[in-house]
Amino acid sequence: MTSSTNGSQPLLSVRNITLRFGGLVALDDVSFDVPAGQIVGLIGPNGAGKTTMFNAITRLYHPQAGEIWYGGRNLLSLAAHEVPRLGIARTFQNLALFASMTVRDNIRVGTHARTKSDVFSQALRLPWVSREEREAEAAVSEAIAYLGLERVADHPAAGLPFGTLKRIELARALVAKPKLLLLDEPAGGLNHEEVSALGALIKDIRERFDVTVLLVEHHMGLVMSISEKVVVLDFGKKIAEGTPAEVQRDPEVIRAYLGVEA
C-alpha cells in the first residue's frame with residue numbers, strides 16, 4: 001500500500017479554509033495535510049470546528065476562503081454529489097441510516113457512489129449494467145461478512161443496538177470503495193470493549209482496503225493509539241499539529257482541554 005512515512009505525499013490538502021455562519025467564524029484560516037496511507041486524527045473540544053471541516057471537505061458547507069485539494073483537484077469547485085465519485089466516503093456523528101430499510105439495503109446505498117448506470121441503461125439491460133450490479137452485490141456481501149452483520153442483514157435497521165448501527169454505517173462507507181475515509185465520532189456511544197475493538201478495526205480497514213483515514217473523535221485514547229498524526233482545532237483555529245506524543249505535550253492543547261495556564 002501507499003507508504004505511511006512522513007515522506008508520503010498528501011492525499012488531502014486543506015489550505016487556509018475560513019468558514020463563517022453570519023457573524024460566527026466556525027473555521028479560521030485552517031491548513032493541514034492528510035498524507036496518503038495514514039490515519040490522521042482531527043481533535044478539539046466541543047465546538048472546535050471538527051465536523052464543520054468534514055462538511056466543508058464533502059461540500060455540504062461552502063467556505064468563504066481557502067482551497068481543499070484532493071488528488072490534484074480543488075474540491076471546492078465541485079458539487080456535493082460529485083465528491084463521493086472521487087473516492088471520498090464518510091460516516092456521520094448522528095447516524096444517517098434509513099430505519100425502515102434492511103441492513104443490506106442501507107449498505108447497498110453506498111454502492112451508488114461508484115455505479116454508472118442510469119434509468120435508460122437499466123431499461124435496456126445492457127451487459128455492463130448487469131456486471132456492475134453483480135460487483136456491487138458482491139461488495140455488499142463482503143462488507144456484511146467483514147463487519148459481522150450476517151445475522152441482521154435482512155432485518156430493518158430500526159431497533160438494532162447502537163454499536164451495530166455504527167457498523168452498518170461503516171459498511172455503507174466501505175462499499176463505496178473510498179481512497180479517503182472520513183470517520184466522524186465512530187466511538188460515540190460505544191463501551192470500553194467496543195472502543196478497543198474499533199481501534200483494531202480501523203487499523204485493519206486501513207491495511208485491508210488500502211484507504212487513508214481522517215478521524216474526528218473525542219475519545220483521546222483511541223485517537224492517540226491509532227493515529228500517525230494529529231491536528232488540533234480550538235474555536236475554529238488550528239492550535240497544534242504533529243505526532244500523538246508531540247500533541248499531547250503541547251501547551252496550547254493542554255490549555256484548550258484542561259482550561260489551565262500552560
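The structure displayed is predicted, hence computed values, not measured ones.

So, how was this worked out
- Residues numbered from 1 in each chain as written.
- Predicted model: local features only at pLDDT ≥ 70, side-chain atom pairs only at ≥ 80, totals over all residues.
- Heavy atoms only, no water.
- Helix = DSSP H or I, 4+ residues; strand = E, 2+ residues; numbered from the N terminus.
- Contact = heavy atoms within 4.5 Å.
- pLDDT = per-residue confidence, 0-100.
- Pairing = 2+ DSSP bridges.
- Axes fitted to C-alpha atoms, helices over the stretch in contact; angles between N-to-C directions.

Draft legend 1. Spatial organisation of the environment of Ala 26. Tracing the backbone through its elements, the reader meets Ala 26 in strand β2 (residues 24-35). Setting aside residues no more than four positions away along its own chain, Ala 26 makes contact with Leu 19, Arg 20, Phe 21, Ala 48, Gly 49, Thr 52 and Gly 236.

Draft legend 2. Expanded view of the confidence of the model for the protein. Averaged over every residue, the pLDDT of the protein is 88; residues scoring 70 or more account for 89%. In the predicted structure, residues 1-6 sits below a pLDDT of 50 and forms 16 contacts with residues beyond four places in sequence or in another chain.

Draft legend 3. A look at the sheet that holds strand β7 (residues 180-184). Strand order in the open sheet formed by six strands is β6-β7-β8-β3-β9-β10, and the pairing between neighbours is mixed. If you trace the sheet from one side to the other, it starts and ends with β6 (88-90) and β10 (237-242), each paired once. Across the sheet, the mean angle separating the axes of adjacent strands is 15 degrees when strand polarity is ignored. The sheet contact formed by strand β3 (residues 39-43) and strand β8 (residues 212-216) spans four bridges and is parallel. Its bridge partner being in β8, Leu 42 is matched across the sheet by Val 216. Each of β6 and β7 touches helix α5 (residues 162-174); the most contacted strand, β7, lies at about 160 degrees to it.

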